[in-house]
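# Observations on the model geometry
Okay, here's what each chain looks like letter by letter:
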Amino acid sequence: MPSSSTLTKAVILVGGHGVRLQPLSYYMPKPMMPLLNRPFLEHIIAYLAKFKVTDITLALSYLPELIRSHLGDGSNLGVQLHYTVEDSPLGTAGAVKNANRYLDSTFAVLNGDIFTDLNIADMLAFHQHKKAKVTIALTWVDNPCAFGVVETDSEDRVRRFTEKPNTNKVTTHWINAGIYILEPEILRHIPVSSYYMFERGLFPLLLKLNEPVYGYPFRGYWLDMGTPEKYLCLNCDLLLAKMSSPLTPGLGQNSVCCEKDATVHPSAKIMGPAVIGSRCQIDQRARIEGPVIIGEDCYVGEDTSIEKAMLWQGISIGAGASLKGCIIGSNIRIEEGKQVTNRIVTLDHTGLPGESCLRADEAG
Ligand code: GDD
Ligand code: MG
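Residues numbered from 1 in each chain as written. Chains lettered and ligands numbered in written order. Predicted model: local features only at pLDDT ≥ 70, side-chain atom pairs only at ≥ 80, totals over all residues. Heavy atoms only, no water.

Here the focus is the packing of helix α1 (residues 40-50) against helix α2 (residues 64-71). Any two packed helices are characterised by the angle at which their axes cross and by the distance between the axes. Two numbers describe how α1 lies on α2: the axes approach to 11 Å, and their chain directions differ by 55°. When the interaxial angle is binned, α1 and α2 end up oblique. The two elements α1 and α2 cross, and the hand of that crossing is right-handed. Contact residues: Leu41, Glu42 and Ile45 in α1; Ile67, His70 and Leu71 in α2. Partitioning the contact of α1 with α2 into residue classes produces four nonpolar, one polar and one charged. (Axes fitted to C-alpha atoms, helices over the stretch in contact; angles between N-to-C directions. Helix = DSSP H or I, 4+ residues; strand = E, 2+ residues; numbered from the N terminus. Parallel < 35°, antiparallel > 145°, perpendicular 65-115°, else oblique. Left-handed = near helix turned anticlockwise from the far one by under 90°. Contact = heavy atoms within 4.5 Å. Nonpolar A, V, L, I, M, F, W, Y, C, P; charged D, E, K, R; others polar.)

The structure is reproduced here in structure tokens:
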């Protein structure tokens, strides 16, 4: 049995209703959406591996085979992956209980839609120092109403946890960052095979029982990609080197990273930061002004202009088209000369292309 001074195990929550990010994820669960051309989950796994947390369970309920077939046993990322699949969502805590066969020592839980540079080793030291049974990472946000608001005392002990309070009930801007460290004995408070949430069930219960639940405040980078705007913002932040991922070392502020098998016409102009994926073709006089991310197998026609945009895979941009502040989903064709500004263009649930607005002011 590992000693209590190590943290090697984690559960990543990748199911439930929040696992879809409309209109982007009809065909792809949110955690598989690309972040600098790699699935978001790969970045989270690499982040955990950096802290030697390598025994990782993915708690899935939506499109589980798509995730499992892509990530396999995790050896490509230097970790060992286990999978649990819920027939119907069990809630955040129910999903962890469902994975309890893998959780026999101190473990971490991560919401599968957050990106952070939180130092888990420091958080573990805090957890041990406080002799906590549960430690909740806390981050400060301007608008806490969309999150779990966490009140602590002067010793950092949690006194109240209120999930998504009304504005008039907000007492602090410190919120649940969606990362916990737990002792396995806590699992006995979670019912088996029932829908149960940390946020509305377990945390309030533990506080009532006077169990040692602590809040670990940190001030680093933190983002919940709960909207397409936040998702674009995260991609741009990485590209602009506002923070980094273990999977994208060496991205400089204005760098242009072009895969070797991509073809860029000499008359095309690319201003970084930009990432151009494998087998892309950028045609004559195309003008790309970063932050721009172009996925694999995209064709960018002549005289096009692309500015602050994210293109997934297999996209074709017709000659003379102009894109600004956009996310373009896989396999979309943008017609010649078309102007697309502050838009998401994706295949919708009928398999046909559809457009919706992207609020430019919220996209970072
Ligand atoms: N396996 C599984 N089963 N995963 C689930 C389930 C479930 O039934 N329900 C939710 N999840 C996963 C989602 O896929 C997501 O990765 C994570 O749990 C959080 O769910 P969201 O739907 O994104 O919740 P939220 O963002 O509104 O609120 C949560 O995160 C905030 C921080 O970003 C709460 O934990 C808040 O308290 C917190 O502040
Ligand atoms: Mg979320």
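The next thing to look at is unusual backbone geometry. In this chain, glycine 272 is followed by proline 273 through a cis amide linkage whose omega measures 0°. Looking at the element boundaries, proline 273 is found in the loop between β16 (269-271) and β17 (274-276). Phi at arginine 285 is positive, roughly 55°, even though this residue is not glycine. Within the fold, arginine 285 resides in the loop between β18 (281-282) and β19 (287-294).

Bringing the coordination of the magnesium ion (ligand 2) into the picture now. Each protein donor to the magnesium ion (ligand 2) is listed here as Asp113 (OD) and Asp224 (OD); together their distances run 2.1 to 2.4 Å. Taken together, the positions of aspartate 113 in the loop between β6 (107-111) and β7 (114-116) and aspartate 224 in strand β13 (residues 222-224) put the pair 111 residues apart, joining distant regions of the chain. For aspartate 113, a relative accessible area of 13% puts it in the buried group. (Donors = N, O, S within 2.8 Å, 3.2 Å for Na, K, Ca; no water. Buried < 20%, exposed > 50% of the residue type's maximum accessible area, 1.4 Å probe, protein only.)

Here we take up the packing of aromatic side chains. This structure, assessed with the given rule, holds eleven aromatic pairs. Relative to tyrosine 221, the ring of phenylalanine 115 lies with its centre 6.5 Å away and its plane at 85°, an arrangement referred to as edge-to-face. In this pair, phenylalanine 115 sits in strand β7 while tyrosine 221 sits in the loop between β12 (213-217) and β13, placing the two residues 106 residues apart along the sequence. Geometrically, the ring pair formed by phenylalanine 126 and tyrosine 214 is edge-to-face, given 6.5 Å between the ring centres and 80° between the ring planes. Here tyrosine 214 lies in strand β12 and phenylalanine 126 lies in helix α4 (residues 120-129), a separation of 88 residues in the sequence. In this pair, the class of phenylalanine 126 matches that of tyrosine 214, namely buried. Counting every residue linked through ring pairs, the aromatic cluster contains Phe161, Tyr180, Phe198 and Phe203. (Phe/Tyr/Trp six-rings, centres within 6.5 Å; stacked < 30°, edge-to-face > 60°.)

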